[in-house]
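Geometric and topological summary
Take a look at the letters that make up each chain.
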Amino acid sequence: GQNIDQPTEMTATEGAIVQINCTYQTSGFNGLFWYQQHAGEAPTFLSYNVLDGLEEKGRFSSFLSRSKGYSYLLLKELQMKDSASYLCSRLYSGAGSYQLTFGKGTKLSVIP
Amino acid sequence: EPEVTQTPSHQVTQMGQEVILRCVPISNHLYFYWYRQILGQKVEFLVSFYNNEISEKSEIFDDQFSVERPDGSNFTLKIRSTKLEDSAMYFCASSDRGGNSPLHFGNGTRLTVT
């Protein structure tokens, strides 16, 4: 299987920092993506990790540990508009093709 | 910025009817995908398409589903005989290189089967 586990919901305060964790099955792993999805809208790409370590992109950073099957998304200086679902998604490769599988998403609520 | 466009934004159909969902991927992209999201649930992979053929499909993508690229710009998903459980948001996506290239999603078609 390609199970991806992440918390269902989180709440954080405007201006704070929040970390959203994700664990995944490591077999066939070929990269880890984070997407943001506002309610009723399409997912939009945030970050991609294929090697261990931290990737920073403005207020958002994403970390990967391949040996542990673990990633997190770090959001700094939270803004109200960051209220959305954050989807951890794993790129699986096998038999010459790729498939991107999504977790159920973490619904983040940013409060004043 | 170029974007993936999908039509219609909403589609209501009766059980047993055929529907065609349409997508125009980003023009220089070569890899095309359909995903669906049942209300309140996760985004699920249906099918990927490259070089005019299906490269990967999920268990959901059974014989009632088909995809086609009828011309140089459109990419369609056909559901032959819709069931109530097909009600979902259907997202089309495209990428330029496949593999680890990020997917660009359209705004989706909300399909309601009554």
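Look above for the structure.
Residues numbered from 1 in each chain as written. Chains lettered and ligands numbered in written order. Predicted model: local features only at pLDDT ≥ 70, side-chain atom pairs only at ≥ 80, totals over all residues. Heavy atoms only, no water.

Attention shifts here to the state of the cysteines. Residues and elements named next belong to chain A. For the structure on display, the rule yields 2 disulfides over all chains. One disulfide in the model links Cys-22 with Cys-88; its S-S distance is 2.0 Å. Measuring handedness by torsion sign, the sulfur bridge of Cys-22 and Cys-88 sits at about -70 degrees and is left-handed. Here Cys-22 is found in strand S3 (residues 18-24), whereas its partner Cys-88 is found in strand S9 (residues 84-94), with 66 residues between them in sequence. (Disulfide = S-S within 2.5 Å. Helix = DSSP H or I, 4+ residues; strand = E, 2+ residues; numbered from the N terminus.)

Residue and element names in this part refer to chain B. Here 4 strands make up an open sheet; going across it, the order is S1-S3-S8-S7 and the pairing antiparallel. Looking at which strands have only one partner, the edges of the open sheet turn out to be strand S1 (5-7) and strand S7 (65-68). Averaged over neighbouring strand pairs, the angle between their axes works out to 20 degrees when direction is ignored. Where S1 lies against strand S3 (residues 19-24), 3 bridges are found, and the strand directions are antiparallel. (Pairing = 2+ DSSP bridges. Axes fitted to C-alpha atoms, helices over the stretch in contact; angles between N-to-C directions.)

Scanning the model with the defined rule gives 5 salt bridges over all chains in all. Note that A:Asp52 is salt-bridged to A:Arg66, the shortest N-O span being 3.0 Å. Residue A:Asp52 is located in the loop between strand S5 (44-49) and strand S6 (53-57), and its partner A:Arg66 is located in the loop between strand S7 (60-65) and strand S8 (70-75); the two are separated by 14 residues in the primary sequence. Exposure remark for A:Arg66: the relative accessible area of 37% places this residue in the partly exposed category. Ionic pairing is found between B:Arg36 and B:Glu44, a salt bridge with its closest N-O pair at 3.1 Å. There is no split in this pair, since B:Arg36 and B:Glu44 are both buried. (Salt bridge = Lys/Arg side-chain N within 4 Å of Asp/Glu carboxyl O. Buried < 20%, exposed > 50% of the residue type's maximum accessible area, 1.4 Å probe, protein only.)

Our next topic: empty space enclosed by the protein. As enumerated under the stated definition, the model contains 1 cavity of 30 Å³ or more in all. Taken together, A:Phe33, A:Leu91, A:Tyr98, A:Gln99, A:Leu100, B:Tyr33, B:Tyr35, B:Gly98, B:Gly99, B:Ser101 and B:Leu103 make up the lining of the largest cavity. The set of elements that each furnish at least two residues to the lining of the largest cavity consists of strand S10 (97-102) of chain A together with strand S4 (31-37) of chain B. Residue contributions to the lining of the largest cavity peak at 3 residues, all from S10(A). Broken down by class, the residue content of the lining of the largest cavity amounts to 7 nonpolar, 4 polar and no charged. (1 Å grid on protein atoms, 1.4 Å probe; cavity = no way out; pocket = protein on both sides within 12 Å on 5 of 7 lines; lining within 4 Å. Points joined across faces, edges and corners; volume = space filled by probe spheres on them. Nonpolar A, V, L, I, M, F, W, Y, C, P; charged D, E, K, R; others polar.)

On to the side chain of A:Gln6. All names here are of chain A. Along the chain, the position of Gln-6 falls in the loop between strand S1 (4-5) and strand S2 (9-13). Accessibility expressed as a relative area gives 14% for Gln-6, which makes it buried. Separated by 2.8 Å, the side chain of Gln-6 and the backbone oxygen of Tyr-86 make a polar contact. Among the polar contacts made by the side chain of Gln-6, one reaches the main-chain amide nitrogen of Cys-88 at a distance of 3.0 Å. Setting aside chain neighbours within four positions, we find Gln-6 in contact with Ile-20, Asn-21, Cys-22, Trp-34, Tyr-86, Leu-87, Cys-88, Gly-103, Lys-104, Gly-105 and Thr-106. (Polar contact = N/O pair within 3.5 Å; in protein donor to acceptor, adjacent residues only side chain to side chain. Contact = heavy atoms within 4.5 Å.)

Okay, the pairing of strand S6 (residues 53-57) of chain B next. Residues and elements named next belong to chain B. Bridge count for strand S5 (residues 43-50) against S6 is 4 bridges, and the pairing is antiparallel. Paired with Val-47 across the strands is Lys-57, a residue of S6. Linkage of S5 to S6, two consecutive antiparallel strands, is achieved through a turn of 2 residues, within which Asn-51 is found at a positive phi near 55 degrees.

Following the sequence through the fold, A:Tyr92 ends up in strand S9. Sequence-wise, A:Tyr92 and A:Gly40 are 52 residues apart; in three dimensions their C-alpha atoms are separated by 26 Å.

Now for the interface of chain B and chain A. The extent of an interface is frequently quoted as the accessible surface area lost upon association of the parts. Taken together, the contact pairs 18 residues of chain B with 18 residues of chain A. When chain B packs against chain A, close to 1,500 Å² is buried across both sides, 61% of that on carbon and sulfur atoms. Contact with chain A buries surface across chain B, with B:Lys42, B:Asn100 and B:Phe105 losing the most and accounting together for 29% of the total. Our count for the chain B to chain A interface comes out at 4 residue pairs in polar contact (both at pLDDT 80 or more). Of all the secondary-structure elements, those providing two or more residues to the side of chain B that touches chain A are S4, S5, S6 and strand S9 (88-95) of chain B. A total of 3 residues in the side of chain B that touches chain A trace back to one element, the largest contributor, which is S5(B). Among the residues making up the side of chain B that touches chain A, the classes are represented as 8 nonpolar, 8 polar and 2 charged. (Buried area = accessible area lost by both parts, 1.4 Å probe.)

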